[in-house]
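# Analysis of the macromolecular model
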Number of protein chains: 2
Amino acid sequence: MLDVCLLGTGGTMPLPGRWLTSLVLRCNGRSLLIDAGEGTQIAAREAGCSFKNLDTICITHLHADHTAGLPGLLLTMGNMDRTEPVTVIGPNGIRRVMEAVKVIAPELAFDVRVTELEEGSARTISLGDWDVIAFPLRHTVPCFGYQAVVPRRGKFDPMRALEAGIPKQLWKRLQQGETVEGFTPDMVLGPARRGVKLVYATDTRPAKALYKAAVDADLLICEGMYGEPDKLPKAKETCHMMFGEAAKTALCSGAKELWLTHFSPSLNHPEDYLQSAQAIFPHTSLGKSGRKTVLQFPED
Amino acid sequence: MLDVCLLGTGGTMPLPGRWLTSLVLRCNGRSLLIDAGEGTQIAAREAGCSFKNLDTICITHLHADHTAGLPGLLLTMGNMDRTEPVTVIGPNGIRRVMEAVKVIAPELAFDVRVTELEEGSARTISLGDWDVIAFPLRHTVPCFGYQAVVPRRGKFDPMRALEAGIPKQLWKRLQQGETVEGFTPDMVLGPARRGVKLVYATDTRPAKALYKAAVDADLLICEGMYGEPDKLPKAKETCHMMFGEAAKTALCSGAKELWLTHFSPSLNHPEDYLQSAQAIFPHTSLGKSGRKTVLQFPED
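Residues numbered from 1 in each chain as written. Chains lettered and ligands numbered in written order. Predicted model: local features only at pLDDT ≥ 70, side-chain atom pairs only at ≥ 80, totals over all residues. Heavy atoms only, no water.

Right, let's talk about the interface of chain A and chain B for a bit. Of the residues lining the interface, 35 residues belong to chain A; the matching set on chain B comes to 35 residues. Summed over both partners, the interface of chain A with chain B comes to about 2,700 Å²; 68% of that surface belongs to carbon and sulfur atoms. There are zero salt bridges connecting chain A and chain B. There are four residue pairs in polar contact (both at pLDDT 80 or more) connecting chain A and chain B. When residues of the side of chain A that touches chain B are traced back to their parent elements, those giving at least two are helix H1 (40-46), helix H2 (70-79) and helix H3 (94-104) of chain A. (Contact = heavy atoms within 4.5 Å. Buried area = accessible area lost by both parts, 1.4 Å probe. Salt bridge = Lys/Arg side-chain N within 4 Å of Asp/Glu carboxyl O. Polar contact = N/O pair within 3.5 Å; in protein donor to acceptor, adjacent residues only side chain to side chain. Helix = DSSP H or I, 4+ residues; strand = E, 2+ residues; numbered from the N terminus.)

Have a look at this one:
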């Protein structure tokens, strides 16, 4: 299962009562943060999200509303006596940004490892039992969405285990995916089952890679910078999405649920435009600071 | 008169409900900010402080809880269509920090001018009708306090103006400090009167330069990192002040009023230690986010 916590819903600048958009994902003892704008560490504390097990920070793109919280966040992690390294992943240029971060917060007692993503290409980041896949979006600068996938093994089949003459004391380890004494998990497991998939996309115009990533997602967290229909030219100009465009993305990709986020500071009342998005995709709702859910494997 | 707004009271890291310590001063159409930690722009908005007339940012020292808000703050100022330059003043190294800030927030449409203060020396910054004087403090890294001084001209003496044969239509301009048709203000004004003085000091141990700067100040805004008496060794080690030490500074310098700020994140209830500071200096109170006052010229 995947723990999900949206830390904020703002775009461009943090506002009183509206933290900038970022996301914490947790699964099997590992924790990942997507984006760190100014105030993200406060939003996390407010939401009760600890950064203790945080080992990976994914940055969507190098606009400051997605990165300017890095110096303070890393400093606070250092002040909590952290010594374990942190990996920061982002578009080309993230290395230079991290050098700048270290000028502002020079006293970190842990390593920061940096991975630059190649423009236009997808890349899989393994977090042990689950994966995060970066995929390119369509913004004014190179930008990546992130797809989190928790795979699920096939069902254990005791008949097959018996037939293969596998001693019972090895069954549990085989079930857990281990190869033991020459026996392999595929000898006792059925086909892989549907796992859990979450997609996070901001900042972007509608994009083929986004539809593709969001196919059958359990949850799509997607930017909706503007709700007002007359803002479409502005959305196109600044490479952002309308509420309706995010809803269409969810509908066409077959996502189960859509949370809208990354609202323009000019959008004082996102709730005014929710219904029009729900008319396109009924399972649309608004993100909010500290909104949580747990994505679980479906019942067999 | 000097408008004062304390934006926050935290030290080390921003917390929900406790912004990092920083101060906005306004006088005669010019506005100055001291320190910009993570979240300062949100605190300012919450307090109703506009950055429209902000032309000078003074940084006390280069710890990230005093600087990490600069990228977001400058970006937001840029997003408000600012074109006027901003001057950033701080200890040696501030230039390098500002280069890093511009890597994180590269798209600024206005100039950022940087002034580095020489370690251990005082320096006066003129803001037209008022001055800000940087003076050295005692911290783990080079650190400056700031003294804001609004001078006040002598009282207008119509008898002297008459005696000097100055035409009445020139009196007003002379009163305002202008030299007109060979007549100088000192020909019609009495001796300079007491103006307004504010002193801001964080982060520091008690220091001679601080006492000196705070002599007869109308308001001393001073760090009190710790209230608990058993934290004195920690305060010494990290070069911070106890509530009682700040109160002694106010008492000995003859300041009129003391606001405590820059509380440690470990100090959950600063109010528990206020009385002990008031026992030393009765006009001690706690800073709080958005606390405002107006320092006015005294009645003649």
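The next point concerns the confidence of the model for chain A. Averaged over all residues, the pLDDT of chain A is 95; the fraction at 70 or higher stands at 100%. Model confidence for the complex is summarised by a pTM of 0.94, with the ipTM given as 0.92. (pLDDT = per-residue confidence, 0-100.)

Residues and elements named next belong to chain A. When you tally the buried positions in strand E11 (residues 219-223), you get five out of five residues, the bulk of the element. Where strand E10 (residues 193-201) and E11 come together, four bridges link them in parallel fashion. Bridge assignment links Leu198 to a residue of E11, and that residue is Leu219. Each parallel crossover has a hand, and the one from E10 via helix H6 (residues 208-214) to E11 is right-handed. Pairing geometry for E11 and strand E12 (residues 258-261), over four bridges, is parallel. Within the sheet, the bridge partner assigned to Leu220 lies in E12 and is Leu258. (Buried < 20%, exposed > 50% of the residue type's maximum accessible area, 1.4 Å probe, protein only. Pairing = 2+ DSSP bridges. Right-handed = clockwise from strand over helix to strand, strands pointing away.)

Right, let's talk about the pairing of strand E4 (residues 54-58) of chain A for a bit. Residues and elements named next belong to chain A. Within E4, five of the five residues are buried, which leaves it mostly tucked inside the rest of the structure. In this fold, the crossover linking strand E3 (residues 30-34) to E4 by way of H1 has right-handed handedness. Two strands pair when backbone bridges link them, and E4 and strand E5 (residues 86-91) are joined in this way by three bridges, in the parallel orientation. Residue pairing in the sheet places Ile57 in a bridge with Val88 of E5. Handedness of the crossover joining E4 and E5 through H2 is recorded here as right-handed.

A rotation about an axis combined with a shift along that same axis relates the two copies of the chain. Mapping chain A onto chain B calls for a screw motion: a turn of 180° about the axis and a shift of 0.0 Å along it, with 0.1 Å RMSD after fitting. Interpreted geometrically, this transformation is the action of a two-fold axis. For chain A, the minimum C-alpha distance to the rotation axis belongs to Ala100(A) and amounts to 2.2 Å. Of the interface residues in chain A, 100% have counterparts in chain B that sit at the interface too, so the contact is made through matching surfaces. (Least-squares fit on C-alpha atoms with pLDDT ≥ 70 in both.)

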